[in-house]
Amino acid sequence: MAYLLLSSVIARSRVCAGESKIESGLVRKFCSPTRITSTQESKETISSLSSLTKGTSQRLTATKALTWPSASSRLLQTRPTENITSFVEITSEDQFDAILDNTDKDTLVVVDFYARWCRGCSALMPMLEKLSTRWQHIKWVKVDADVNHSLLQKLRVDTFPRIQMYRNQEFVVEFVPSPRAPHRLKSSIQMVDKYPNSRFMVHGGQVCTTPLEPSILI
């Protein structure tokens, strides 16, 4: 058994070059031609060799930990940080009214009415999340159709996806964005945000300014 442990120590000393000098000295100690003449000496020899093997294994483990980072740490180093959107999820009419009442003056409030079963809503969500992280001066709100039935009835929202915009607690404009033209969604929100004192209409699924009378505005 002592010879087997000795062979293991020699093999490990070849793997870990940095520890070879220390281990070689200990190996020579147990490679002397003197024969082990008693049971006590045999036990001491085996115990010493076991300690040496255990220490070498620990040093190899520590070296690997320093040289090779774990898979999770490598993933964190290579994966970009995900953007955190600033959407507020509405769960009641009172919460919706409170947001409109407490929003700063002249701040645009964009409300996204969506349904989880709506494919168009899912297609537009990445664009909305991207805009919400880029234009953080805008208040972004999401209303789940399956949770806020009474609010949808009050606002007469029956198609999805649908975008409504408010400013100074007043309704400004609404439109149905097209999942096939997400650039129109961006330009519509940008238009209303850029011209706070203008009147708006919807043409071709896109918001634009208009000199028309308020009675015929959409």
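Treat the numbers as computed from the prediction; the structure is a model and nothing was measured. (Residues numbered from 1 in each chain as written. Predicted model: local features only at pLDDT ≥ 70, side-chain atom pairs only at ≥ 80, totals over all residues. Heavy atoms only, no water.)

> Go over the sheet that holds strand E2 (residues 108–114), please, and point to the residues and values.
Whenever strands of a sheet pair, they do so through backbone hydrogen bonds, lying parallel or antiparallel. Judged by pairing direction, the sheet is mixed, and its five strands sit side by side in the order E1-E3-E2-E4-E5 without closing on themselves. Both edges of this open sheet fall to strand E1 (87–90) and strand E5 (170–175), since each of them pairs with a single strand only. Strand after strand, the sheet turns through a mean of 25 degrees between neighbouring axes, direction not considered. Sheet topology note: the E2/strand E4 (residues 162–167) ladder contains six bridges and is antiparallel. Residue Phe113 lies in a different strand from E4, and its bridge partner there is Arg162. (Pairing = 2+ DSSP bridges. Helix = DSSP H or I, 4+ residues; strand = E, 2+ residues; numbered from the N terminus. Axes fitted to C-alpha atoms, helices over the stretch in contact; angles between N-to-C directions.)

> Talk me through unusual backbone geometry; I want residue IDs and the actual numbers.
A cis amide bond links Phe160 to the next residue, Pro161, at an omega of -5 degrees. In this structure, Asp106 takes a positive phi of about 65 degrees despite not being glycine. For Asp106, the location among the structural elements is in the loop between helix H5 (93–102) and E2. Judged by its relative accessible area of 46%, Asp106 falls in the partly exposed class. (Buried < 20%, exposed > 50% of the residue type's maximum accessible area, 1.4 Å probe, protein only.)

> Lay out the pairing of E5 with the relevant residues and their values.
For E4 and E5, the ladder comprises five bridges, and the chain directions are antiparallel. Counterpart to Met165 in the pairing with E5 is Val173.

> Tell me about the environment of Leu185, and name the residues and values.
When you line up the elements, Leu185 lands in helix H8 (residues 182–194). The sequence separation of Leu185 and Leu131 amounts to 54 residues, and the corresponding C-alpha distance is 9.8 Å. Not counting residues up to four positions away in its chain, the partners in contact with Leu185 are Leu124, Met127, Leu128, Ile163, Phe175 and Pro177. (Contact = heavy atoms within 4.5 Å.)

> Could you give an account of the packing of helix H6 (residues 119–134) against H8, naming the residues involved and the relevant values?
Interhelical geometry of H6 versus H8 gives an angle of 35 degrees and a closest axis separation of 10 Å. Between H6 and H8 lies a crossing whose hand is right-handed. Only Pro182, Leu185, Lys186 and Ile189 of H8 make contact with H6, whose side of the interface consists of Leu124, Met127, Leu128, Leu131 and Arg134. Grouping the amino acids of the contact of H6 with H8 by side-chain chemistry returns seven nonpolar, no polar and two charged. (Left-handed = near helix turned anticlockwise from the far one by under 90°. Nonpolar A, V, L, I, M, F, W, Y, C, P; charged D, E, K, R; others polar.)

> Hey, could you go over the confidence of the model for the protein chain for me, with residue numbers and the actual values?
For the protein chain, mean pLDDT is 74; residues scoring 70 or higher make up 57% of the total. Predicted confidence for residues 1–6 stays below pLDDT 50, and this span has ten contacts to residues more than four positions away or in other chains. For residues 13–37, every residue scores under 50 in pLDDT, and the model assigns this stretch 21 contacts once sequence neighbours within four places are set aside. (pLDDT = per-residue confidence, 0-100.)

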